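# Survey of secondary and tertiary structure
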There are 2 protein chains.
Amino acid sequence: MNNFIEEHDPTEALKRVFRRHASGVSVITTNDADGNPVGFTATSMTSLGATPPLLSFNVARGSSSFASLSRCDYVAVHTLGERNVELAKRMAGPSTERFIADDWERGPFDVPIFTDTSAVIIGKIREIHNVEANAVVIVDVVESLLGLEQRGLIYHERGYALPGDRLN
Amino acid sequence: MNNFIEEHDPTEALKRVFRRHASGVSVITTNDADGNPVGFTATSMTSLGATPPLLSFNVARGSSSFASLSRCDYVAVHTLGERNVELAKRMAGPSTERFIADDWERGPFDVPIFTDTSAVIIGKIREIHNVEANAVVIVDVVESLLGLEQRGLIYHERGYALPGDRLN
């Protein structure tokens with residue numbers, strides 16, 4: 001293992017490795033018990049098989065949206081593109097400021113939809129699987145809304161970027 | 001919802017949306033019951049909280065590596081970079097050809113390590129949570145190996161790419 005620098009502290013190990021790992025950026029929304037919109041930016045959203053079509057994302061159980069996720073049926077899972085950097089930052093900022101702009105509407109099952117995103121999956125929560133202070137949320141895909149085609153937003157090295165040239 | 005094209009077939013909905021979603025690329029390895037290396041390319045690997053440090057990835061239960069994952073304790077989770085496109089393709093190809101090159105060594109706990117990757121997490125499988133024909137694998141981070149710093153490899157629009165310019 002001559003090529004590698006070892007990091008034996010597990011917390012530091014996680015942090016250092018994930019800084020090098022690129023991820024796609026999505027925004028997940030639903031409603032709270034009073035019907036008000038809630039949501040957050042996620043970099044953990046990923047497919048969980050096609051038959052039946054499922055997706056998963058990870059969330060901290062202490063987050064502002066977790067109580068609403070535990071109670072709701074339906075969510076909107078937005079994939080973000082190059083036009084959505086401000087949205088990605090806003091939905092990762094103070095929870096009271098996430099829906100103050102006029103860039104969302106009510107969609108199927110009343111879920112809040114950001115209309116300038118590249119695509120939205122309307123999903124039904126199947127299961128919330130708790131792991132320590134976090135949870136894996138498993139969602140059945142119900143339908144999708146395809147928006148403006150745009151290059152997919154990436155989070156990498158603690159900042160946002162777009163995909164560059166294709167490799168062969 | 002004027003801006004969107006609706007797709008009501010859930011399987012098609014999943015496929016169309018994930019084509020637009022960028023993801024980081026990793027390779028996960030372990031050993032089979034005979035001690036032979038097994039592994040695969042994954043685009044679902046993501047963090048699951050820092051205290052304690054955990055990660056998750058999704059895998060088809062019918063895949064060639066699943067039986068070994070169910071039996072093993074330790075895995076190596078590699079984050080790939082710009083030097084690893086051929087590795088990403090090979091580890092998504094025929095399972096008999098994945099370890100034929102001379103680009104891996106035995107690492108901690110005897111797990112196979114590809115030495116030209118950007119980083120490796122050595123993890124211990126905590127739990128395999130079955131969901132239909134797939135599984136969410138939850139892994140405790142044990143330590144990491146930091147390799148050659150390189151731009152993180154992305155899978156997007158059915159091809160590999162590198163992060164382009166940073167956005168502010």
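Residues numbered from 1 in each chain as written. Chains lettered and ligands numbered in written order. Predicted model: local features only at pLDDT ≥ 70, side-chain atom pairs only at ≥ 80, totals over all residues.

## A look at the interface of chain A and chain B
One widely used convention gives an interface's size as the accessible area the parts lose upon coming together. Taken together, the contact between chain A and chain B spans 70 residues of the former and 70 residues of the latter. Its residues placed into classes, the side of chain A that touches chain B shows 34 nonpolar, 27 polar and 9 charged. Relative to strand β1 (residues 5-7) of chain B, strand β11 (residues 134-146) of chain A runs antiparallel, the two being bridged by 3 bridges. Counterpart to Ser144(A) in the pairing with β1(B) is Glu7(B). (Contact = placed C-beta atoms within 7 Å. Nonpolar A, V, L, I, M, F, W, Y, C, P; charged D, E, K, R; others polar. Pairing = 2+ DSSP bridges. Helix = DSSP H or I, 4+ residues; strand = E, 2+ residues; numbered from the N terminus.)

## A few points about the confidence of the model for chain A
For residues with low pLDDT, the predicted coordinates do not support detailed interpretation. Chain-level statistics for chain A give a pLDDT mean of 95 and a share of 99% at 70 or above. Listed scores for the predicted complex are pTM 0.96 and ipTM 0.95. (pLDDT = per-residue confidence, 0-100.)

## Notes on the relation of the copies chain A and chain B
Between chain A and chain B, which share one sequence, the superposing operator has a rotation angle of 180 degrees and an axial displacement of 0.0 Å; the RMSD is 0.0 Å. The superposition operator between the copies reduces to a two-fold rotation axis. Of the C-alpha atoms belonging to chain A, the one lying closest to the rotation axis is found on Gly164(A), 1.9 Å away. When the interface residues of chain A are mapped onto chain B, 100% of them are again interface residues, pointing to one common binding face. (Least-squares fit on C-alpha atoms with pLDDT ≥ 70 in both.)

## Considerations on the nonpolar core
With 90 residues, the main nonpolar core has Val77(A), Ile154(A), Val77(B) and Ile154(B) as its most contacted residues. In contact with Val77(B), other than residues within four places in its own chain, are Ser26(B), Ile28(B), Met45(B), Leu55(B), Val120(B), Ile121(B), Gly123(B) and Val139(B). (Core = buried A, V, L, I, M, F, W, Y, C linked by C-beta atoms within 7 Å. Buried ≥ 20, exposed ≤ 12 C-beta atoms within 10 Å, placed from the backbone.)

## Looking at the environment of Thr41(B)
Residue and element names in this part refer to chain B. Examined against the element boundaries, Thr41 turns out to sit in strand β4 (residues 37-42). With 37 residues separating them along the chain, Thr41 and His78 place their C-alpha atoms 9.4 Å apart. If sequence neighbours within four positions are ignored, Thr41 has contacts with Val25, Val27, Ala88, Met91 and Ala92.

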